[in-house]
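Here are the chains, one letter per residue:
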Amino acid sequence: MAKLYDRDINRRLIERILESRRFIQVLYGPRQVGKTTAIKQVLKEIDLPSHYASADQPTLRNEVWLEEQWEIGRLKAKENKAAVLVFDEIQKVSDWSEVVKRL
């Protein structure tokens, strides 16, 4: 029997995360369609360590916060040879793309 949340987007996300070549994946779409719910379900489903960070809080929207979260992800990957780092609402961090390129 399929899980209640066994949606196509979840299966697609799992496939992309488990690909042998690791790239940055971007999940975007209209507000309130279930993007955050889908990724949280996927993180529970996969057998990889993960770190979920949301930039939804106004006080967290800066470069230092982004660097700290990135380092947490790097440490998890180093300990386990692979990990998933998720930034939710990253567009709310000023110059996020430049920070990510640098990191």
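Residues numbered from 1 in each chain as written. Predicted model: local features only at pLDDT ≥ 70, side-chain atom pairs only at ≥ 80, totals over all residues. Heavy atoms only, no water.

Per an unreviewed UniProt entry, the protein goes by the name AAA domain-containing protein and belongs to Candidatus Hakubella thermalkaliphila.

## Comments concerning the packing of helix 1 (residues 8–17) against helix 2 (residues 35–45)
Relative to each other, helix 1 and helix 2 sit at 55°, their axes nearing to 9 Å. On the basis of the axis angle, helix 1 is oblique to helix 2. You can see that helix 1 and helix 2 cross each other, and the crossing is right-handed. From helix 1, Ile9, Asn10, Leu13, Ile14 and Ile17 reach across to helix 2, where they touch Ala38, Ile39, Gln41, Val42 and Glu45. Among the residues making up the contact of helix 1 with helix 2, the classes are represented as seven nonpolar, two polar and one charged. (Axes fitted to C-alpha atoms, helices over the stretch in contact; angles between N-to-C directions. Helix = DSSP H or I, 4+ residues; strand = E, 2+ residues; numbered from the N terminus. Parallel < 35°, antiparallel > 145°, perpendicular 65-115°, else oblique. Left-handed = near helix turned anticlockwise from the far one by under 90°. Contact = heavy atoms within 4.5 Å. Nonpolar A, V, L, I, M, F, W, Y, C, P; charged D, E, K, R; others polar.)

## Examining the packing of aromatic side chains
Inspection of the entire model under this criterion finds two aromatic pairs. When the centroid spacing of 6.0 Å and the interplanar angle of 65° are considered together, the rings of Trp65 and Phe87 count as edge-to-face. Linking Trp65 in helix 3 (residues 63–80) with Phe87 in strand 2 (residues 84–88), this pair joins segments that are 22 residues apart in sequence. Under the relative-accessibility criterion, Trp65 is labelled buried at 8%. When its relative accessible area of 18% is taken as the criterion, Phe87 is described as buried. For the pair Trp70 and Phe87, a centre-to-centre distance of 6.4 Å together with 15° between the ring planes defines the contact as stacked. Taken as a pair, Trp70 in helix 3 and Phe87 in strand 2 lie far apart in primary sequence, 17 residues in all. Members of the aromatic cluster, each reached through a chain of ring pairs, are Trp65, Trp70 and Phe87. (Phe/Tyr/Trp six-rings, centres within 6.5 Å; stacked < 30°, edge-to-face > 60°. Buried < 20%, exposed > 50% of the residue type's maximum accessible area, 1.4 Å probe, protein only.)

## Details of unusual backbone geometry
Notably, Lys81 is not glycine yet its phi reads approximately 70°, a positive angle. The topology assignment puts Lys81 in the loop between helix 3 and strand 2. Overall, the relative accessible area of 81% leaves Lys81 in the exposed class. Positive phi values are uncommon outside glycine, yet Glu89 reaches one of about 60°. Tracing the backbone shows Glu89 in the loop between strand 2 and helix 4 (96–102).

## Things to note about the side chain of His51
Take His51: it is sitting in strand 1 (residues 50–54). For His51, a relative accessible area of 14% translates into the label buried. Of note is the side chain of His51, whose polar atom sits 2.6 Å from the side chain of Gln69. Once residues within four sequence positions are removed from consideration, His51 is found in contact with Gln69, Ile72, Lys76, Val84, Leu85 and Val86. (Polar contact = N/O pair within 3.5 Å; in protein donor to acceptor, adjacent residues only side chain to side chain.)

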